[in-house]
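Commentary on secondary and tertiary structure
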Amino acid sequence: EAQVTQNPRYLITVTGKKLTVTCSQNMNHEYMSWYRQDPGLGLRQIYYSMNVEVTDKGDVPEGYKVSRKEKRNFPLILESPSPNQTSLYFCASSPYAGSSGNTIYFGEGSWLTVV
Amino acid sequence: GIQVEQSPPDLILQEGANSTLRCNFSDSVNNLQWFHQNPWGQLINLFYIPSGTKQNGRLSATTVATERYSLLYISSSQTTDSGVYFCALEGKTSYDKVIFGPGTSLSVIP
């Protein structure tokens, strides 16, 4: 089954404790991205990757890191989480960027609370 | 960059009623999708529709790319249709950027 898998789905952590949210897709997609969703602000892109070893900042990259060492995985790293990073996070993938037929697939979301 | 608007922002329907949700965009698009975010937060892909018309059960969508809008029709609404509906699109001149509309929040009451 084609899917994007994120883990953990739910996490409560403390300020400053490094955490990683993993994302994996099994569709051989080139393009992957991370979004956060906050009330009243909609979905905002954090980082994206157009292929292995190619990553770029989205609209709200501060406080986050990513890596794309393999095509299927795109982890989101919070080196020193702060309460303002409490949010619902989505990983997404699509076959490629910039062409027609580019359906986006989302993971189920990760609810992160930083206290 | 490309601007996306959705209307109405909020909608309350009686079960069984029909509705039309609209997505306007300011530039040509390569890709356009409609998503439903259910009350548990999951984003469910409804339609991939950069142009033309598609139907899936009680839902259908039409995109008129030349006039820069897309419509999502919900017929015979059910309480399970409640949630937020987003259009998301990729502009032809910003190929690496997916832009989400602000969403339409739909509540279907019994």
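Residues numbered from 1 in each chain as written. Chains lettered and ligands numbered in written order. Predicted model: local features only at pLDDT ≥ 70, side-chain atom pairs only at ≥ 80, totals over all residues. Heavy atoms only, no water.

1. Examining the pattern of salt bridges
Inclusion rule: A pair is scored as a salt bridge if a Lys or Arg side-chain nitrogen falls within 4 Å of a carboxyl oxygen belonging to Asp or Glu. Numbered from the N terminus, helices here are DSSP runs of H or I no shorter than four residues, and strands are runs of E no shorter than two. Type-normalised accessible area, obtained with a 1.4 Å probe on protein chains alone, sets the label of each residue: buried when under 20%, exposed when over 50%, and partly exposed for intermediate values.
Taken as a whole and assessed by the stated rule, the structure comprises five salt bridges over all chains. A salt bridge links Lys65 of chain A to Glu79 of chain A, with the shortest nitrogen-to-oxygen separation between them at 3.0 Å. With Lys65 of chain A in strand E7 (residues 65-66) and Glu79 of chain A in the loop between strand E8 (76-78) and strand E9 (87-94), this residue pair connects regions lying 14 residues apart in the sequence. Residue Glu79 of chain A is classed as partly exposed on the basis of its relative accessible area, which comes to 36%. Residue Asp81 of chain B pairs with Arg58 of chain B through a salt bridge whose shortest N-O separation is 2.9 Å.

2. Brief notes about the nonpolar core
Residues and elements named next belong to chain B. As a reminder, the rule being used: In these notes, a set of buried Ala, Val, Leu, Ile, Met, Phe, Trp, Tyr and Cys residues joined through side-chain atoms within 4.5 Å is what counts as a nonpolar core. When checking whether two residues touch, look at their non-hydrogen atoms; a contact exists if any pair is within 4.5 Å.
The biggest cluster of nonpolar side chains holds 22 residues, and the ones touching the most others in it are Trp34, Leu72 and Leu89. Those elements giving two or more residues to this core turn out to be strand E2 (10-14), strand E3 (19-25), strand E4 (29-37), strand E5 (43-48), strand E7 (59-64), strand E8 (69-74), strand E9 (83-91) and strand E11 (104-109). When sequence neighbours within four positions are dropped, the list of residues in contact with Leu72 reads Ser19, Thr20, Leu21, Trp34, Leu46, Phe47, Ser60, Ala61 and Tyr85.

3. Some words on the pairing of strand E3 (residues 19-25) of chain A
Residue and element names in this part refer to chain A. The test is simple: Note on pairing: two strands pair once DSSP finds at least 2 bridges between them.
Of all seven residues in E3, five are buried, a share of seventy percent or more. The pairing of strand E1 (residues 4-7) with E3 spans four bridges and is classified as antiparallel. Among the inter-strand pairings, Val4 is bridged to a residue of E3, identified as Gln25. Note: E3 against E8, three bridges, orientation antiparallel. Considered in E8, the bridge of Val21 is made with Leu76.

4. Here's the deal with the side chain of Gln37 of chain A
To keep things clear, this is the line we draw: In the analysis that follows, any N or O atom pair within 3.5 Å is treated as a polar contact, provided that within protein one partner can donate a hydrogen and the other can accept it, and provided that, for residues neighboring in sequence, both atoms belong to side chains.
The residue Gln37 of chain A is located in strand E4 (residues 31-38) in this model. Among the residues examined, Gln37 of chain A registers a relative accessible area of 13% and is labelled buried. A distance of 2.7 Å separates the side chain of Gln37 of chain A from the side chain of Gln37 of chain B, its partner in a polar contact. Sequence-distant contacts of Gln37 of chain A, that is, excluding residues within four places in its chain, are made with Gly42, Leu43, Ser87, Leu88 and Phe90 of chain A together with Gln37 and Phe86 of chain B.

5. Points about empty space enclosed by the protein
Note the threshold: Cavities and pockets are defined on a 1 Å grid built over the protein atoms alone: a cavity is a set of grid points where a 1.4 Å probe fits but cannot escape, while a pocket is an open set with protein on both sides within 12 Å along at least five of seven lines, and lining residues are those with an atom within 4 Å of any such point. Grid points are joined across faces, edges and corners, and a volume is the space filled by probe spheres set on the points. In the scheme used here, Gly and all other residues not listed as nonpolar or charged are polar, with Ala, Val, Leu, Ile, Met, Phe, Trp, Tyr, Cys and Pro taken as nonpolar and Asp, Glu, Lys and Arg as charged.
Under the counting rule described, the total for this entry stands at three cavities of 30 Å³ or more. Size it by volume and the largest cavity reaches roughly 40 Å³. In terms of lining residues, the largest cavity is bounded by Asn102 and Ile104 of chain A together with Asn31, Leu32, Gln33, Ala88, Leu89, Glu90 and Val98 of chain B. At the level of elements, E4 and E9 of chain B are the ones that each hand at least two residues to the lining of the largest cavity. A class-by-class count of the residues in the lining of the largest cavity yields five nonpolar, three polar and one charged.

6. Some details on the sheet that holds E8 of chain B
Residues and elements named next belong to chain B. Note the threshold: Here an axis means a line fitted to C-alpha atoms, over the contact stretch when the element is a helix, while the angle between two N-to-C directions is reported on a 0 to 180 degree scale.
Ordered by their spatial adjacency, five strands build an open sheet running E1-E3-E8-E7-E6, and the pairing between neighbours is antiparallel. What marks the edges here is a single partner per strand, and that holds for strand E1 (4-7) and strand E6 (52-56). Direction aside, the axes of adjacent strands within the sheet are offset by 15 degrees on average. The pairing of E1 with E3 spans four bridges and is antiparallel. Residue pairing across strands places Glu5 opposite Asn24, the latter belonging to E3.

7. Focus: a nonpolar patch on the surface
As a reminder of what qualifies: Nonpolar side chains (Val, Leu, Ile, Met, Phe, Trp, Tyr) are joined into patches within 5 Å and like charges within 9 Å, using only residues with over 30% relative accessible area and no salt bridge. All accessible-area figures derive from a Shrake-Rupley calculation using a 1.4 Å probe, and residue coverage is judged against the displayed protein chains alone.
On the surface, Ile12, Val14 and Val115 of chain A cluster together into a nonpolar patch covering about 300 Å² of accessible area. By secondary structure assignment, the location of Val115 of chain A is in the segment after strand E11 (110-114).

8. Some details on the sheet that holds E7 of chain A
Within a sheet, each strand pairs with its neighbour through backbone hydrogen bonds, oriented either parallel or antiparallel. Read across the open sheet, the four strands follow the order E1-E3-E8-E7 (chain A); overall the sheet is antiparallel. In the strand order of this sheet, the two ends are held by E1 and E7 of chain A, each with one partner.

Scope: geometric values only; no functional claims are made or implied.
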